[in-house]
Amino acid sequence: MKRNKNANWDILAKHLAGETDEQEQKEISTWLQKSTSNSALFIEATGFWNSINSIKEMNQFDVNKGWEK
């Protein structure tokens with residue numbers, strides 16, 4: 001993924017985690033409308049986020065059992 005200096009990574013991460021407020025959602029919407037490269041980056045970031053969540057769900061790790069070992 002190319003580094004996009006125009007991206008607000010904190011807000012994007014909050015959005016992907018479902019933690020943005022109304023103002024942050026507006027910022028994301030405005031940013032997405034500015035260019036197709038922003039939209040492409042958003043789609044790519046969303047794909048990575050979903051892949052990571054799928055892996056996490058398939059490989060549930062029990063922290064307590066890990067510490068016991």
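Note that the coordinates shown come from a computational prediction; the quantities given were computed from them, not determined experimentally. Sequence order as written defines residue numbering, which begins from 1 separately in each chain. Thresholds applied to this predicted model are a pLDDT of at least 70 for local features of residues and 80 or more for the giving and counting of side-chain atom pairs; totals over whole chains, interfaces and linings are not thresholded and use all residues. Only hydrogens and water are removed before side-chain values are computed, so all heavy atoms of the structure are retained for them.

1. Here's the deal with the pattern of salt bridges
Pairing is possible between side chains that carry opposite charge, provided their charged atoms lie close to one another. As a reminder of what qualifies: By definition, a salt bridge exists where a carboxyl oxygen of Asp or Glu is found within 4 Å of a side-chain nitrogen of Lys or Arg. The helix count covers DSSP runs of H or I at least four residues long, the strand count covers runs of E at least two residues long, and both are numbered beginning at the N terminus. The rule is simple: take the accessible area with a 1.4 Å probe, protein chains only, and divide by the maximum for that residue type; under 20% is buried, over 50% is exposed, in between is partly exposed.
Applying the stated criterion across every chain yields a total of 2 salt bridges. We note a salt bridge from Glu 24 to Lys 14, for which the minimum N-O separation is 2.7 Å. Placement of the pair is Glu 24 in helix α2 (residues 22-34) and Lys 14 in helix α1 (residues 9-16), with a sequence separation of 10 residues. A residue is classified by how much of its surface remains accessible, and Glu 24, at 12% relative accessible area, is buried. A relative accessible area of 30% places Lys 14 in the partly exposed class. Between Lys 26 and Glu 22 there is a salt bridge; the shortest N-O distance is 3.7 Å. With Lys 26 and Glu 22 both in helix α2, this residue pair falls 4 residues apart, about one helical turn.

2. Some remarks on the packing of α1 against α2
Rule in force here: All axes are obtained by fitting lines to C-alpha atoms, using only the stretch in contact for helices, and the reported angles, taken between N-to-C directions, cover 0 to 180 degrees. For this classification, under 35 degrees means roughly parallel, over 145 means roughly antiparallel, 65 to 115 means roughly perpendicular, and everything else is oblique. Note: crossing handedness is left-handed where the near helix turns anticlockwise from the far helix by less than a right angle, and right-handed where it turns clockwise. When checking whether two residues touch, look at their non-hydrogen atoms; a contact exists if any pair is within 4.5 Å. Following the grouping adopted for this structure description, the nonpolar residues are Ala, Val, Leu, Ile, Met, Phe, Trp, Tyr, Cys and Pro, the charged ones are Asp, Glu, Lys and Arg, and the polar ones are all others, Gly among them.
Where α1 contacts α2, the axes come no closer than 10 Å and their chain directions differ by 110°. Between α1 and α2, the angle is such that the two are roughly perpendicular. Of the two possible hands of crossing, α1 and α2 adopt the one that is left-handed. Packed against α1, whose contacting residues are Ile 11, Leu 12, Lys 14 and His 15, the element α2 presents Glu 24, Gln 25, Glu 27, Ile 28 and Trp 31 at the interface. A per-class count over the contact of α1 with α2 returns 4 nonpolar, 2 polar and 3 charged.

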